[in-house]
Every structure is written in structure tokens, then in C-alpha cells.
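These are the residues of each chain, in order.
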Amino acid sequence: MSEKLDGIRAYWDGSNLLTRSGKIIYAPKWFTQGYPPFEIDGELWSKRGDFENIASIVRDTTPSSAWKEIKHYIFEVPHAKGDLFARLERVKPYVGKSIQLIPQISIKNPHHLQQFLTIIEQKGGEGVVIRDPMAPYINKRTNKALKVKTFLDKECKILSYNQGKGKFQGMLGSITCQMENNVTFKIGSGFSRDERKNPPPIGAMVTFKYQSMTKYGKPRFPVFLRVREQE
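Summary of the structure given here. Every chain is numbered independently, its residues counted from 1 as its sequence is written. Totals for whole chains, interfaces and linings use all residues, but because this is a predicted model, local features are given only for residues with pLDDT of at least 70 and pairs of side-chain atoms are given and counted only at 80 or more. Here the side-chain values reflect all heavy atoms present in the structure, with hydrogen atoms and water set aside.

**Digging into the overall build of the chain**
Thinking step 1. Numbering of helices and strands runs from the N terminus, with a helix taken as a DSSP run of H or I at least four residues long and a strand as a DSSP run of E at least two residues long. Within the chain, the regular secondary structure consists of five helices and 15 strands.
Thinking step 2. Here the C-alpha atoms of the chain give a radius of gyration of 19 Å, agreeing with the 17 Å that 2.2 N^0.38 yields for 231 residues.
Thinking step 3. Principal-axis analysis of the C-alpha atoms gives the chain an extent of 55 × 45 × 30 Å.
Thinking step 4. Residue exposure (1.4 Å probe, protein chains only): buried if accessible area is under 20% of the type maximum, exposed if over 50%, otherwise partly exposed. By residue count, 43% of the 231 residues in the chain fall in the buried class.
Thinking step 5. Here a residue-residue contact requires only that any non-hydrogen atoms of the pair lie within 4.5 Å. Partitioning the contacts of the chain with sequence separation of at least 6, the portion at a separation of at least 24 is 60%.
Thinking step 6. For the chain, the separation between the mean place of its 37 positive charges and that of its 23 negative charges on side chains is 5 Å. Atoms considered for the radius of gyration are the C-alpha atoms alone. The globule rule reads 2.2 Å times the number of residues to the power 0.38. Counted as positive: Lys and Arg. Counted as negative: Asp and Glu, with His and the chain ends omitted from the count. Taken as the charge centre is NZ of Lys, CZ of Arg, CG of Asp or CD of Glu, depending on the residue.

**Describing unusual backbone geometry**
Thinking step 1. Residues other than glycine seldom take positive phi values, yet His79 does so here, at roughly 70°.
Thinking step 2. Relative to the assigned elements, His79 resides in the loop between strand S5 (71-76) and helix H3 (84-89).

**Thoughts on the environment of Gly96**
Thinking step 1. Note on placement: Gly96 falls in the loop between H3 and strand S6 (99-101).
Thinking step 2. Of the residues examined, Gly96 reaches a relative accessible area of 29% and is grouped as partly exposed.
Thinking step 3. For the pair Gly96 and His72, spaced 24 residues apart in sequence, the C-alpha separation works out to 9.9 Å.

**Considerations on the sheet that holds S5**
Thinking step 1. Two strands are counted as paired when DSSP detects at least two bridges linking them. Strand order in the open sheet formed by five strands is S3-S2-S4-S5-S6, and the pairing between neighbours is mixed. Where the open sheet ends on each side, the last strands, each with one partner, are strand S3 (17-18) and S6.
Thinking step 2. In this sheet, S3 lies alongside strand S2 (residues 8-12) in antiparallel orientation, the contact comprising two bridges. When the sheet's bridge partners are listed, Tyr11 is paired in S3 with Leu18.
Thinking step 3. Lines fitted to C-alpha atoms define the axes, with helix axes restricted to the stretch in contact, and inter-axis angles between N-to-C directions lie between 0 and 180 degrees. Lying over the sheet, helix H2 (residues 51-58) contacts S2 and strand S4 (40-45), oriented at roughly 40° with respect to S2.

**Examining the sheet that holds strand S1 (residues 2-3)**
Thinking step 1. Strand order in this open sheet of three strands is S1-S7-S8, and the pairing throughout is antiparallel. Across the chains shown, the open sheet's two edge strands, defined by having one partner strand only, are S1 and strand S8 (145-148).
Thinking step 2. Looking at chain direction, strand S7 (residues 128-131) and S8 are connected through four bridges and run antiparallel. Counterpart to Arg131 in the pairing with S8 is Ala145.
Thinking step 3. Each of S1, S7 and S8 touches helix H4 (residues 110-122); the most contacted strand, S7, lies at about 150° to it.

**A closer look at the packing of aromatic side chains**
Thinking step 1. Whether two aromatic rings pair depends on their centres lying within 6.5 Å, for rings of Phe, Tyr and Trp, where Trp uses its six-membered ring; planes under 30 degrees apart make the pair stacked, over 60 edge-to-face, and the rest tilted. Scanning the entire structure with this criterion turns up nine aromatic pairs.
Thinking step 2. Their ring planes at 55° and their centres at 5.0 Å tell us that Phe185 and Phe208 sit as a pair that is tilted. Taken together, the residues Phe185 in strand S11 (residues 184-187) and Phe208 in strand S12 (residues 205-210) connect sequence positions 23 residues apart.
Thinking step 3. Phe185 sits in the buried class, given a relative accessible area of 7%.
Thinking step 4. Between Phe208 and Tyr210, the ring centres sit 5.7 Å apart and the planes meet at 40°, which makes this aromatic pair tilted.

**Notes on the pairing of S4**
Thinking step 1. Burial analysis of S4 places six of its six residues in the buried class, the great majority of the element.
Thinking step 2. Examined bridge by bridge, S2 and S4 share five bridges and lie antiparallel to one another. For Ala10, the partnering residue across the bridge sits in S4 and is Gly42.
Thinking step 3. By the bridge criterion, five bridges tie S4 to S5 in an arrangement that is antiparallel. Each residue of the ladder has a partner; that of Leu44, found in S5, is His72.

Encoded structure:
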């Protein structure tokens, strides 16, 4: 098990940093200096609760000095031999200025996992990833690597804005969203003041958390988390 870092996925192909869909990430030359000649996969991350800042730094096509806030946290070494721990061992000589390893902890029992999840969430973390250490590298969703969170999350598409009232007068009050099953609903909480002044664009895919589903298939107590990372 390891903490699920809420950052931007970044794949090093031996020469370039790439997004999940293969687009170039314009990192400064000093950032990737000393990177390994082999492939590594991980998350560009700074600290918990900092996704918007991370995204603005990483998506800038002209890299800024703000990259000094970012490190590349590695969770996998594609095409390397051995189990997960053996694969990650190859990265250790390169840990330093830009590269860090995400600590991987062997789970003793379900209580051990629950304890770890509670600690991570109390610190403001998003959740935990549990993996089969004997499974090979798989670059897609698989039951060999699962997210564990106290709350549920889903994605939806923004259809329209609803104007705010009271303290949110003249700003975003809520968004009307549609899930992939065509169910529509509103999300009114979880937005920062800046996001209410400059909401995500119509048509954007956003991630929200919720407690459960109603009998009509609508999420109960939906809370906006973030705009989905573009692939």
C-alpha cells in the first residue's frame, strides 16, 4: 500500500517526460538532468491539497521557476524484471533533486490498511493505493491496483452554471452536471472563491466525491474536487 498522491501523472520514456496520453510535459532541463536512461512512471506532486497549483505549473509550456516546488514521485518501473519492490530498487540511485520514491508498505492485515488510510486522510491526503506486488507493470485500470478511500468519487460533465445568491451573488452558485449514465444533478459545494469567480468551462469533465446514490441514481451530498486531468 502507498499514499495516493493528488498530482499530475508523468511518464519518463528515457528521454522525455510525457502525460498519460503521450503529450510532452515541458519541464525545465535542470529538472530532468540526471534522470535514468530507462522508463519510470510516477506523479508530479508538491504537497497535499495543492492540485490546482501543481497543474498550473506542469501544464505551462514555458517552464517557470515554480518547478522547484515539484518532485517526481515514482511508483513503477515499466518493463523492469522482478516484483514491484525489485523494480523500484532500480530507481534508488537516481533519487535526489527531482526524483523521489513513493514508500510502498507491505500490508499485514485489513486493520493495518485501515489505520494507514485514517492517518493519510487526517493529514489531508486523498486515499491509498493497494497493489499486488507480484503483478507486472500494467498501464491501465486493473484489479491488481486499487484505490481505497473513505468516500466515493465519480466524474461528470458540466452542462451549465447556476448563479449564486447571498455571499455568492455575482459568482457561481452551483454547476449542473451529467454523469456517463446521463443522470443530471447539481454540485454546489467544494468550490474555492477563485473557482466561483472563474468556474471550469462548460463541457469540462470534473471529479466529485459523494456519500452514496439515491434510489433515482443521483449522488448524495456531491462535493466538487477538481477538473479532471486532460489525457
